[in-house]
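Now for the letters of each chain:
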Amino acid sequence: MEQVTLRARPRVAFGTRPSRRLRRDGLVPATVYGRDTDTISISVNGRELYAALHTEAGRNALINLEIDGGADVLAVAREVQRHPVRGDVIHLDLIQISLDESIEAEVGVEYVGTPIGVREDGGFVEAIATTVRIEALPTAIPSAIVVDIADLYSGDTLKVSDLPVIEGVTYTDDEDRPLVTVLLPRAEEEPSAELLLDEEGQPIEAGTEEEAEGEAADAAAEEGD
C-alpha cells in the first residue's frame, strides 16, 4: 500500500481555546500514540489531511508524518472526530505502526451482483453491515473486500465466514456475524371486511346481510297487504 506524506507541527498549547485558534488557521489538532514511544501532540494542515484520508486506502492509508524538529513517524488514523454540522475533521488520533507488525483495521465490504432471490422472486437485498474488522500487516490491508452475492436465494444470509479468503488477512469479527441477506417482498394485507351494523347498532355477522334485507322486504310487503 502506498504511503502518503503529511506535514505536522508539535503542539505546545492545549485546551479548547488553543484548539479553536488552530482550526481558525486551517489546522487540525491531532495526537499520535505509540507502543514504545511517548504520546506526541501535533497539528496538521486540514486540506492535506483531507487528501491523505481520501486516497483509495481511505482511513487505512499509511501516513508518513514529517514532524517539524523531530523524526518522521509512520502512522494510521484511528479515531476521527468530525464537526456535527459541517462534517470537517476537528481532531484526529493516530497510532504509530511498523511495517512488519500486524495491526487491526476496519475495511469496507462491497456487494456486487444481483441475487437469484431478487431476479426470480422479486425480493430485495438488506445490507446488515458494510464493514468488517481484519488483522493484517499494514501493507496487506485491502482497500475494500468485494463479494459477489449473485448466487443468493431468498432467505439466504451471507456471514463473515462466507467472505473470500485473502492471503495475509485474518477476519477478527465473529464468523457468524450476518452481513447481508435477501428478503422476500412483504405480502400486501388483504382489506378487512367492512363492519355492518343493524338498526340497533349491533354488528351483523358475515353472510346474514342478504337474509336481513330479505326479511325487511318481506315485512314491508306484509304491511302493504
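If you're wondering where the values come from, they're calculated on a predicted model, not measured in any experiment.

**Overview of the sheet that holds strand β13 (residues 178-183)**
- What the three strands build is an open sheet, ordered β8-β13-β11; its pairing is antiparallel. The strands lining the two open edges of the sheet, one partner per strand, are β8 (124-127) and β11 (157-159). Taking the axes of each pair of neighbouring strands and ignoring which way they run, one obtains an average angle of 15° across the sheet.
- Pairing of β11 with β13 involves three bridges; the strand directions are antiparallel. For T157, the partnering residue across the bridge sits in β13 and is T181.

**Focus: the sheet that holds strand β4 (residues 62-67)**
- Strands sit in the order β1-β3-β2-β6-β5-β4 around a closed barrel of six strands; the barrel is mixed. With strand direction ignored, the average angle separating the axes of adjacent strands in the sheet is 45°.
- Where strand β1 (residues 3-10) and strand β3 (residues 40-45) come together, three bridges link them in antiparallel fashion. Across the sheet, residue A8 finds its bridge partner in β3, namely V44.
- The strands touched by helix α1 (residues 16-24) within the sheet are β2 (27-33), β3 and β6 (89-96), with β2 carrying the most contacts at an inclination of about 120°.

Cut-offs used in this document
Residues numbered from 1 in each chain as written. Predicted model: local features only at pLDDT ≥ 70, side-chain atom pairs only at ≥ 80, totals over all residues. Heavy atoms only, no water. Pairing = 2+ DSSP bridges. Helix = DSSP H or I, 4+ residues; strand = E, 2+ residues; numbered from the N terminus. Axes fitted to C-alpha atoms, helices over the stretch in contact; angles between N-to-C directions. Contact = heavy atoms within 4.5 Å.

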